[in-house]
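Structural description and commentary
What follows is each chain in one-letter form.
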Amino acid sequence: MNSYDVAIIGSGPGGYVAAIRCAQLGMETAIIEKYPTLGGTCLNVGCIPSKALLDSSHHYEDAVKHFEEHGIEIPGDIKVNLEKMIARKQAVVDQTTGGIDFLMKKNKIDVYQGLGSFKDATHITIKGDETIEIEAKNIIIATGSKPSNLPFINIDKERVITSTEALTLKEIPKHLIVIGGGVIGLELGQVYKRLGAEVTVLEYADRIIPTMDAGLSKELNKVLKKQKFKINASHKVKSVERQGNEVIVKADNKKGVEAEFKGDYCLVSVGRRPYTDGLNAKAAGVKINDRGQVEVNDYLQTSASNIYAIGDVVKGAMLAHKAEEEGVFVAETIAGQKPHIDYNLIPGVVYTWPEVAAVGKTEEELKDAGVDYKTGQFPMRALGRSRASMDLDGFVKILADKKTDEILGVHMVGARAADMIAEAVVAMEYRASAEDISRMSHAHPTFTEAIKEAALAATDDRALHI
Ligand code: FAD
C-alpha cells in the first residue's frame, strides 16, 4: 500500500493548490480526483469556462453595437457560431486543466483517479478502474460543491438547467429565465443576453447581488436594465413546469400576487451546496454540520485531528481564491508553520460588464456594527480613460473610519473592476488610510484613477475631477 505524508481528496483550486504547497514543503503528497480531468468546478465548469464565454460574447456585442461608432465597418452581417464559441471555451478549459497535470508532475505529486472514501482516519479507498487503498498521516478534504436546487424544481438538464449545462448549450435561448440574481445567474444571463436572448431574472431578495453593498446592487441593476434585462426582485418562485419546449415559471411578488413567466430555457442558479457524497466522512470521525459543510475549527481542522477541510465544502465564501488561500494555510499548518488568512480581505467579484468588485465591509455592515464611517465616491464617467473606451457606467466608493481614516471597505462597479480591486486589497492588508491612497500617483489615463479620486473624496471632499 502506498503511504503519504498528505493525501488530498478533490483537485479543485483548494485541493491542487494545497497539494503543490505540501510538495514544496517537502511532504510526500497524493491527490485524488473522481473526474478524469483535474481542476474541479472552477477550471472545468466554473470560473474559467464562464469567463471564456463572457469574453467571446463581449467581443460579439462590441462588434454588433460599438464597432461602427469606433469607425470600424464590417461588410455583411455579424453572426454568432455558438458551436465554435463553445468549442473555444472547451479548448481554454482543456489547456488549463492540462496545466494542472503538468504542475502535479513537476511537483512529484501522485495523482489517483477515482472516488475517494474514508476507510478510517488514515486510510482512503479509491474506487476508479480498480479499487485501491492508500494510507496518509494527514488528509485534506477539498471536495467542493454542487449546484443547489429548490425542492419543487425538476432539473432535467435540457431546458431546466444549472450553470453546468448553461456552459454547453447547443442553441441560443430565445427567452432565458434565470432563477437567482446572484453572481452565477447574472454572469451567464449576460452571456446569452449579449448573444440575443431575452433574459428575465427572478430574485427572492429585494435586490440582485444581495450579499454585496446595496450601492453596487443599485448601480448594476440600473446598468442591466439599460442592457434590456428584465429584473424582478422580491419574487418567490413557486413552480417550474416544462411543457414541450416551453418552461413556465410561477412566482409570487412581494404583495403575494402571482406572476407567470414563459421561456424556452430556465437557469436555476440559487446557490451551491457543499459536496460530501460518497466520502464516508463518518468512518474517519469527521463531523458534517446541518448545512452539509464539513465542520472545522480556526485551523481548518475537522473533528478528526489529522484531517483538515478547505474550500467550498467548509464555511465561508464559495470562491476559488478563498479555497486557494485555505489550501496554502493548511499545507503550512501541517508543516508546523503559523500561517494567517484575513477573511475580511477576500475580494468578491461579478464578471458582468461593467464588472463589480468589493472588499471589506459594506455600508450595511458598518451601520449594523455602529461604526462611525465616511464615504468617498467617484463616478467612472468623469475619467478620461472611461470616455476613451466608452465605459462610462459605475463608480468607486471608499468607506473609511471617520476618526482614523483607515479604509474599511472598497466597492466598485466599472470596467476592469475585477483587476482594480487588488489595489484595495493591498491597501487594506497594510491598513492604509484613505489619505494614503489619495497621495499615491496613479497612472493617467487609467481606470484606477477613480480609486485615487474616491480616496480624495473620502478625505475632506478633495476629488479633483468632479
Ligand atoms: P471544487 O472546485 O468544487 O473541486 C472539488 C473537486 O473534488 C471536484 O473536482 C470533485 O469532482 C472532487 N471530488 C468531490 N468528491 C470527491 C471524492 N469523494 N473523491 C474524489 N474526488 C472528489 N469562483 C471564483 O472565485 N471566481 C469565479 O469567477 C467563479 N466563477 C464561477 C462560475 C461558475 C459557473 C461556478 C459554478 C462557480 C464559480 N466560482 C467562481 C466558484 C468556484 O468554482 C469554487 O468556489 C471553487 O471551485 C471551489 O474550489 P474547491 O477546491 O473547494 O472545490
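Residue positions are given per chain, counting from 1 as you read along its sequence in written order. Whole-chain, interface and lining totals are the exception, using all residues; otherwise, since this is a predicted model, local features are given only for residues with pLDDT of at least 70 and side-chain atom pairs are given and counted only at 80 or more.

A closer look at helix H4 (residues 82-106)
Counted only if it meets this: Starting at the N terminus, helices and strands are each numbered in turn, a helix being any DSSP run of H or I of at least four residues and a strand any DSSP run of E of at least two. The span expected for a helix works out to 1.5 Å for each residue beyond the first. Any residue whose C-beta has 12 or fewer other C-beta atoms within 10 Å is treated as exposed, any with 20 or more as buried, and any in between as partly exposed, C-beta atoms being built from the backbone. For every residue pair, C-beta atoms are placed from the backbone, and the pair is scored as a contact if these atoms sit within 7 Å.
The end-to-end C-alpha distance of H4, which contains 25 residues, comes to 36 Å, matching closely the 36 Å that a straight helix rising 1.5 Å per residue would cover. Taken together, the buried positions of H4 are Met 85, Lys 89, Val 93, Thr 97, Ile 100 and Met 104. Its buried side turned inward, H4 meets helix H1 (13-24), strand E2 (29-33), helix H2 (40-45), helix H3 (47-66) and strand E3 (110-113). Lys 108, located one to two residues past H4, shows a positive phi value of around 55 degrees.

Some details on the packing of H1 against helix H8 (residues 320-334)
This is how it is decided: Orientation is described by lines fitted to C-alpha atoms, with helices fitted over the stretch in contact, and by angles between N-to-C directions that extend from 0 to 180 degrees. Here roughly perpendicular refers to angles of 65 to 115 degrees, roughly parallel to angles under 35, roughly antiparallel to angles over 145, and oblique to all remaining angles. Rotating anticlockwise by less than a right angle from the far helix to the near helix defines a left-handed crossing, while the corresponding clockwise rotation defines a right-handed one. Note on residue classes: Ala, Val, Leu, Ile, Met, Phe, Trp, Tyr, Cys and Pro are nonpolar, Asp, Glu, Lys and Arg are charged, and everything else, Gly too, is polar.
In contact at an axis separation of 7 Å, H1 and H8 are set at 30 degrees when each is read in the N-to-C sense. When the axes of H1 and H8 are compared, the pair comes out roughly parallel. Crossing of H1 over H8 shows right-handed handedness. Only Ala 320, Ala 323, Glu 324, Glu 326, Gly 327, Val 328, Val 330, Ala 331, Glu 332 and Ile 334 of H8 make contact with H1, whose side of the interface consists of Pro 13, Gly 14, Gly 15, Val 17, Ala 18, Arg 21 and Cys 22. When its residues are assigned to classes, the contact of H1 with H8 shows ten nonpolar, three polar and four charged.

Quick notes on the site of the ligand
Counted only if it meets this: Note on definitions: a residue is near a molecule or strand provided its C-beta atom, placed from the backbone, lies within 6 Å of it.
Around the ligand, the structure places 37 residues, and the nearest of them are Gly 10, Gly 12, Gly 40, Gly 144 and Gly 311. Listed by contribution, the elements that provide at least two residues to the shell around the ligand are H1, E2, H2, H3, strand E4 (115-120) and H8. Residue composition of the shell around the ligand, by class: 17 nonpolar, 17 polar and three charged.

Re the pairing of strand E10 (residues 198-202)
Condition: Between any two strands, pairing holds if DSSP finds at least two bridges. Here a crossover is taken to be right-handed if, once the strands point away from the viewer, the path from the first strand over the helix to the second is traced clockwise.
Counting buried positions over the five residues of E10 gives four, a clear majority of the element. Where strand E9 (residues 175-179) and E10 come together, five bridges link them in parallel fashion. Paired with Ile 177 across the bridge in E10 is Thr 200. Tracing the backbone out of E9, into helix H6 (residues 183-194) and back to the parallel element E10 gives a crossover that is right-handed. Strand direction decides the pairing type here: E10 and strand E11 (residues 230-232), joined by three bridges, are parallel. By the bridge assignment for E11, Leu 202 is matched with Asn 232. In terms of handedness, the path from E10 via helix H7 (residues 214-226) over to E11 forms a crossover that is right-handed.

So, the sheet that holds E10
Strand order in this open sheet of five strands is E8-E15-E9-E10-E11, and the pairing throughout is parallel. Every interior strand has two partners, whereas the edge strands, strand E8 (160-161) and E11, have only one. As judged from the four bridges shared by E9 and strand E15 (residues 265-268), these two strands associate in the parallel manner. Note that in E15 the partner of Val 178 across the bridge is Leu 267. This element, H6, spans E9, E10 and E15 of the sheet and lies at about 165 degrees to E10.

Structural notes on unusual backbone geometry
Here the residue pair Trp 353 and Pro 354 is connected by a cis peptide bond, since its omega of 0 degrees sits within 30 degrees of zero. If you trace the backbone, Pro 354 turns up in the loop between strand E18 (348-350) and strand E19 (355-360). Backbone torsion omega between His 444 and Pro 445 reads -10 degrees, so that peptide bond is classified as cis. As for its placement among the helices and strands, Pro 445 is situated in the loop between helix H12 (434-438) and helix H13 (449-458). A positive phi angle, close to 60 degrees, is found at Leu 300, a residue other than glycine. Inspection of the secondary structure puts Leu 300 in the loop between strand E16 (272-274) and strand E17 (307-309). Leu 300 sits in the buried class, given 22 other C-beta atoms within 10 Å.

Some words on the UniProt feature "domain: Pyridine nucleotide-disulphide oxidoreductase dimerisation" (unreviewed entry) in the protein
Stated formally: UniProt positions are given in the numbering used here, feature names are shortened, and annotations may be inferred rather than shown by experiment.
If you check UniProt for "domain: Pyridine nucleotide-disulphide oxidoreductase dimerisation" (unreviewed entry), the listed places come out as residues 346-455 in our numbering. Along residues 346-455 one finds 34% helix and 28% strand; the C-alpha atoms at either end are 20 Å apart.

Examining the pairing of strand E1 (residues 2-9)
Pairing of E1 with strand E6 (residues 131-141) involves seven bridges; the strand directions are parallel. Note that in E6 the partner of Ser 3 across the bridge is Glu 135. Remark: the E1/H1/E2 crossover connection has right-handed handedness.

Focus: the sheet that holds strand E14 (residues 258-263)
Here three strands make up an open sheet; going across it, the order is E12-E13-E14 and the pairing antiparallel. The sheet is open, and its two edges are formed by strand E12 (236-243) and E14, each paired on a single side. Neighbouring strand axes in the sheet, compared pairwise and without regard to direction, differ in orientation by 20 degrees on average. Relative to strand E13 (residues 246-252), E12 is paired through seven bridges, and the arrangement is antiparallel. Considered in E13, the bridge of Glu 241 is made with Ile 248.

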